[in-house]
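A structural walkthrough
Below are the chains, spelled out letter by letter.
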Amino acid sequence: MKAIIIAAGSAKRLGPYTKKLPKGLLDVNGKTILKRQINLLKNKKIQEIIIIIGPHKEQFKFDDVKYVEDKEHEKHDVLLSLMAAKNEINEEVIIIYSDILFDEKILDQVINSKSDIGIATDLNWEQKYENRTDHPKEQADNVIIEQNKIIKIKKNISKIMNNQINGEFIGILKLSNKGSTIFVNQFNNLEKKQPNPFHDALTFEKAYLTDMIQEMVNQDIVIEPIIVDGNWCEIDTPQDLENAKKIFC
């Protein structure tokens, strides 16, 4: 098993905190977000770790990790940043956003999943938005689940389907060997077509990982929720950073 961490974003919502610093290198009580992620992964014997880098790439100085540069990070968003490391998606792999903190319990739940394609899903997601006024729950990547399958994933889904929301995708995707093959094949087919718009994205280049997940759902590919119930948080605003410091000592 390997891990791929997507760390090529510009993190504009964090303002001066990330003007000259990648989001994953923000300090949370003496350790960066990425250092915390790497430590957890290595503690679970996941030694092959790939970090996708973009702005301020010279600041990434972790030992025993592999770097893949997203040379066109200014042109696209999360999905195509991830696919800068497409050649690494060739076995059992965990894909992680670089702006989330999570505990060992959550990582165990992801590792132990038997899904070919599974997304970490928090059913108690709403409580994570208490004291988070700068990033309200309407901006969550919500999911709807039926018969243990994801049938809908969408930002701002609460505005149109509030009574059906089951949880939130927290930014961790798990692929089996078979799942990696399916994921890459689906992407290759889409890359040839360049569909515009592409679900919630105005263009394929600006697609998020959630757009890709919804596309696979629409193609009748089974995407399963990996139900997680440990501590986690996303760091997207200065307020989020201060909240994270209270949770992760």
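The preceding data block contains the structure.
These lines cover the structure that appears in this document, whether it is placed above or below.

About the thresholds
Residues numbered from 1 in each chain as written. Predicted model: local features only at pLDDT ≥ 70, side-chain atom pairs only at ≥ 80, totals over all residues. Heavy atoms only, no water. Axes fitted to C-alpha atoms, helices over the stretch in contact; angles between N-to-C directions. Helix = DSSP H or I, 4+ residues; strand = E, 2+ residues; numbered from the N terminus. Parallel < 35°, antiparallel > 145°, perpendicular 65-115°, else oblique. Contact = heavy atoms within 4.5 Å. Nonpolar A, V, L, I, M, F, W, Y, C, P; charged D, E, K, R; others polar. Phe/Tyr/Trp six-rings, centres within 6.5 Å; stacked < 30°, edge-to-face > 60°. Core = buried A, V, L, I, M, F, W, Y, C linked by side-chain atoms within 4.5 Å. Buried < 20%, exposed > 50% of the residue type's maximum accessible area, 1.4 Å probe, protein only. Pairing = 2+ DSSP bridges.

Quick word on the packing of helix 5 (residues 177-193) against helix 6 (residues 209-218)
Look at helix 5 against helix 6: their axes get within 11 Å of each other, and the N-to-C directions meet at 100°. The angle between helix 5 and helix 6 places the two elements in the roughly perpendicular class. Together, F183, Q186, F187 and L190 of helix 5 and L209, M212, E215 and M216 of helix 6 make up the contact between the two elements. Here the contact of helix 5 with helix 6 is built from residues that sort into six nonpolar, one polar and one charged.

A few points about unusual backbone geometry
A cis amide bond links N196 to the next residue, P197, at an omega of -5°. Tracing the chain through its elements places P197 in the loop between helix 5 and helix 6. Unlike most non-glycine residues, Q147 shows phi in positive territory, near 55°. By secondary structure assignment, the location of Q147 is in the loop between strand 9 (141-146) and strand 10 (149-155).

Description of the packing of aromatic side chains
Counted by the stated rule, this structure contains five aromatic pairs. Seen in terms of ring centroids, W125 and Y129 are 6.0 Å apart; in terms of plane orientation they differ by 80°. Their pairing is edge-to-face. The structure contains a cluster of three or more aromatic residues connected by ring pairs, namely F187, F198 and F204.

A word on the nonpolar core
Core analysis: the largest hydrophobic core is formed by 69 residues, its most contacted members being I51, L79, L82, I172, F183 and L209. Apart from residues no more than four positions distant in its own chain, L209 is found in contact with V78, L79, L82, Y97, F169, L173 and F183. Counting eleven residues, the second largest nonpolar core, distinct from the first, contains L14, L26, C233 and F248.

Thoughts on the pairing of strand 11 (residues 167-175)
For strand 11, the tally of buried residues reaches nine of nine residues, placing the bulk of the element in the interior. Taken together, the four bridges between strand 6 (residues 93-97) and strand 11 define a ladder with antiparallel strand orientation. Its bridge partner being in strand 11, I94 is matched across the sheet by K174. In this sheet, strand 11 lies alongside strand 8 (residues 117-122) in antiparallel orientation, the contact comprising five bridges. Bridge pairing in strand 11 places T121 opposite F169. Of the pairings in the sheet, the one linking strand 9 to strand 11 comprises two bridges and is antiparallel in character. The partner of N142 across the bridge, within strand 11, is E168.

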